[in-house]
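# A structural walkthrough
Next come the chains, spelled out residue by residue.
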Amino acid sequence: MITDIFLGDDVTFDCDMGEIITNWKIRAEMYDDASNSIKKATANSGGSDSQVKITDGPNGLFSIYILKGQTTDFNIQSYLEVEVETEEGKVYTVYKDVIKFLAEKIKWSSPA
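Residues numbered from 1 in each chain as written. Predicted model: local features only at pLDDT ≥ 70, side-chain atom pairs only at ≥ 80, totals over all residues. Heavy atoms only, no water.

### Re the pairing of strand 3 (residues 25-31)
Here strand 3 pairs with strand 7 (residues 77-85) via seven bridges, running antiparallel. In the sheet register, Ile26 faces strand 7, and the bridge partner there is Val84. With antiparallel pairing between neighbouring strands as the criterion, strand 3 and strand 4 (residues 37-41) make up a hairpin whose turn holds five residues, including Ser35 at a positive phi of roughly 75°. (Pairing = 2+ DSSP bridges. Helix = DSSP H or I, 4+ residues; strand = E, 2+ residues; numbered from the N terminus.)

And the structure:
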């Protein structure tokens, strides 16, 4: 379970596959039971480096970026699922777990 993430904040998930992932396609979806959903992908899978970026392909490292405000309306209990596609076209779900958000208390557009 992923914890200590505030609803509405920027979040970076740094991931380690433990194998060479250069040129792999990576897709991720964060979702909840109220039909909120955020889909992210690498550039070679219809997304961009600002969504999912392979940061060190030979060592299996990549990052998933969730921008502030994208999770504001999510349920406190949500889910993250990550799927990879190898250069050979094999598709694997490599991660699925619960995200337990913390409610944000400060909601302002600019300091007073």
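### Comments concerning the pairing of strand 5 (residues 52-56)
Where strand 5 lies against strand 6 (residues 61-66), four bridges are found, and the strand directions are antiparallel. Residue pairing in the sheet places Asp56 in a bridge with Leu61 of strand 6. If you look at the hairpin formed by strand 5 and strand 6, you'll find four residues sitting between the two strands, and Gly60 has a positive phi there, around 75°.

### Details of the sheet that holds strand 8 (residues 91-102)
The five strands lie next to each other as 1-8-7-3-4, forming an open sheet whose pairing is mixed. In this open sheet, the two edge strands, each paired with only one partner strand, are strand 1 (2-6) and strand 4. The average undirected angle you get between the axes of adjacent strands in this sheet is 25°. Bridging between strand 3 and strand 4 involves five bridges; their strand directions are antiparallel. Bridge assignment links Ala28 to a residue of strand 4, and that residue is Lys40. (Axes fitted to C-alpha atoms, helices over the stretch in contact; angles between N-to-C directions.)

### What about the environment of Ile64?
By secondary structure assignment, the location of Ile64 is in strand 6. Overall, the relative accessible area of 0% leaves Ile64 in the buried class. In this structure, Ile64 is in contact with Val11, Thr12, Phe13, Cys15, Ala28, Lys40, Gln51, Val52 and Val82, ignoring residues within four places of it in sequence. (Buried < 20%, exposed > 50% of the residue type's maximum accessible area, 1.4 Å probe, protein only. Contact = heavy atoms within 4.5 Å.)

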